[in-house]
Amino acid sequence: MLLMLAVAGMAASCEKDVIDPTNENEVNNSTNTVEDADATAMKELLGSWEYISEADENDQFFSHTDYVFYFYENGDGYLTIDAYDKNDLISATTRNSLTYWVKSEKLYVQYGNSSPIEWEYRFKDNTLIMRSDMDEYGNTFVFTKAEDGDMRFIGDWSTTQNGGDKYYGNHIKFVTRKDGFTYYSVYDNPNTAPVEGPSEMVWFKYSTEGNMLIMTNIDSAASTKKYYRFDGGKLYLSNSKDGIETCYSKLKK
């Protein structure tokens, strides 16, 4: 079990464990974490780093588990853990917002209000090699640099629709280059606080092919395909190439 990567012992299991990144109480303000952090070293970490752990050949349930660290410019980041079953479908997930910094050539990763995990790290070719003294087994993890994808998607996008006597604020939140979730809130008046919601998050993996956005539900494996374009800071989605577009606006942090 990769305890250090799985957030202080919270390894991927048969349940899908998720921390809601829309909850500000679960995300640190990284600008106040360490005043003398090494900004130059942090720039070297920017991007996404992936480690794939193959399951034991006798494992009857899982084939492999993917661990991905995302390090962003402002000291925020994200860790995703996806465990795949023998049919190569996601059967367990963990999602955690994080903050990170580098000090005295050590990488510190902190989840919420927990104690930061200290990592020794180095780069070799296109890999990031990490180990921690907090790991009693002395494991070394070799992460490979992954493509960052289209970072324009990152953020919480919303559109409001009239549903009779109620208004529905539908959201698509992209939290990494390939992970996101949808949720909604219900309003009597779109300019006032919601009377219901936010709803339960529905998580998906996403990718793009040309001008098509493909979102695959991690529970059902059902895929939704939308044509997309960005214009004037807005995201437009439609069901067909020349179909009616729905305009989404990005929420400010």
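1. Some details on the sheet that holds strand β17 (residues 246-250)
Here is step 1: Ordered by their spatial adjacency, eight strands build a closed barrel running β10-β11-β12-β13-β14-β15-β16-β17, and the pairing between neighbours is antiparallel. Along the sheet, successive strands turn relative to each other by an average axial angle of 35°, direction set aside.

2. Quick look at the nonpolar core
Here is step 1: Formed by 25 residues in total, the largest nonpolar core has its most connected members in Phe-69, Phe-71, Leu-107 and Phe-143.
Here is step 2: With four residues, the top contributor of residues to this core is strand β5 (residues 90-103).
Here is step 3: With 13 residues, the next largest nonpolar core counts Phe-153, Ile-172, Phe-204 and Tyr-248 among its residues.

3. Considerations on the pairing of strand β3 (residues 62-71)
Here is step 1: Burial of β3 is extensive: nine of the 10 residues sit out of reach of the surface.
Here is step 2: Where strand β2 (residues 47-54) meets β3, eight bridges bridge the pair, whose relative direction is antiparallel. Looking at the pairing, Ser-53 lines up with Thr-65 of β3.
Here is step 3: Here β3 pairs with strand β4 (residues 76-85) via nine bridges, running antiparallel. Bridge pairing links Val-68 to Thr-80 in β4.
Here is step 4: In this structure, the hairpin formed by β3 and β4 is closed by a connection of four residues, where Gly-75 is found at a positive phi of approximately 90°.

4. Structural notes on unusual backbone geometry
Here is step 1: Here the residue pair Gly-197 and Pro-198 is connected by a cis peptide bond, since its omega of 5° sits within 30 degrees of zero.
Here is step 2: In this structure, Pro-198 sits in the loop between β12 (179-187) and β13 (202-209).
Here is step 3: Unlike most non-glycine residues, Ser-104 shows phi in positive territory, near 50°.
Here is step 4: Relative to the helices and strands, Ser-104 is located in the loop between β5 and β6 (106-110).
Here is step 5: With phi around 65°, Ala-221 is a residue other than glycine that occupies positive phi space.
Here is step 6: One can find Ala-221 in the loop between β14 (212-217) and β15 (223-231).

The rules we used
- Residues numbered from 1 in each chain as written.
- Predicted model: local features only at pLDDT ≥ 70, side-chain atom pairs only at ≥ 80, totals over all residues.
- Heavy atoms only, no water.
- Pairing = 2+ DSSP bridges.
- Helix = DSSP H or I, 4+ residues; strand = E, 2+ residues; numbered from the N terminus.
- Axes fitted to C-alpha atoms, helices over the stretch in contact; angles between N-to-C directions.
- Core = buried A, V, L, I, M, F, W, Y, C linked by side-chain atoms within 4.5 Å.
- Buried < 20%, exposed > 50% of the residue type's maximum accessible area, 1.4 Å probe, protein only.

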